[in-house]
Amino acid sequence: ELKQAPAGRYFINSLYPNPAKNQASLEYYIPKNQQARLEIIDIQGRKLFVESLDGSEELQQKILDLSNWNSGLYFLVLRGTQGILSSKSFHILP
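As a starting point, this report considers the structure included with it. (Residues numbered from 1 in each chain as written. Predicted model: local features only at pLDDT ≥ 70, side-chain atom pairs only at ≥ 80, totals over all residues. Heavy atoms only, no water.)

Some thoughts on unusual backbone geometry
Trans peptide bonds make up most of the peptide bonds, and negative phi angles are found at most residues other than glycine.
Inference 1: Of the consecutive residues Tyr-16 and Pro-17, the connecting peptide bond is found in the cis state with omega at -5 degrees.
Inference 2: The residue Pro-17 is located in the loop between β1 (11-16) and β2 (23-29) in this model.
Inference 3: Residue Pro-19 is bonded to the preceding Asn-18 through a cis peptide linkage, with omega at 15 degrees.
Inference 4: Tracing the sequence through the fold places Pro-19 in the loop between β1 and β2.
Inference 5: One non-glycine residue, Asn-33, lies in positive phi territory at about 65 degrees.
Inference 6: You can see Asn-33 is positioned in the loop between β2 and β3 (35-42). (Helix = DSSP H or I, 4+ residues; strand = E, 2+ residues; numbered from the N terminus.)

Observations regarding the pattern of salt bridges
Inference 1: Going through the model one piece at a time under the given rule, you end up with six salt bridges.
Inference 2: Across the pair Lys-32 and Glu-57 runs a salt bridge whose closest N-O atoms are separated by 3.0 Å. Separated by 25 residues along the polypeptide, Lys-32 in the loop between β2 and β3 and Glu-57 in the loop between β4 (47-54) and β5 (60-65) bring together distant segments of the chain.
Inference 3: Given a relative accessible area of 56%, Glu-57 falls into the exposed group.
Inference 4: The residue Arg-79 makes a salt bridge to Glu-39 at a minimum N-O spacing of 3.0 Å. (Salt bridge = Lys/Arg side-chain N within 4 Å of Asp/Glu carboxyl O. Buried < 20%, exposed > 50% of the residue type's maximum accessible area, 1.4 Å probe, protein only.)

Following this line, the structure appears as structure tokens:
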């Protein structure tokens, strides 16, 4: 597991557990004084969740509440003005 983030890089470090059931923990890095959008997209390409995130000097963590989501395959995307910066797929169990 990554302890220090490379300067200037946007990325999703980890999403666990994967597969998930009721919630998942996301670790990500966005450079200080920068912003990105966190998007969750279903297998049909629909954006089901969008949130703006601010950068920091350190890895950040966010708990995702998945308790009301349908089971299936989803894609987690960090998107900036340059397009997709980092992505990861994950499953939600029934």
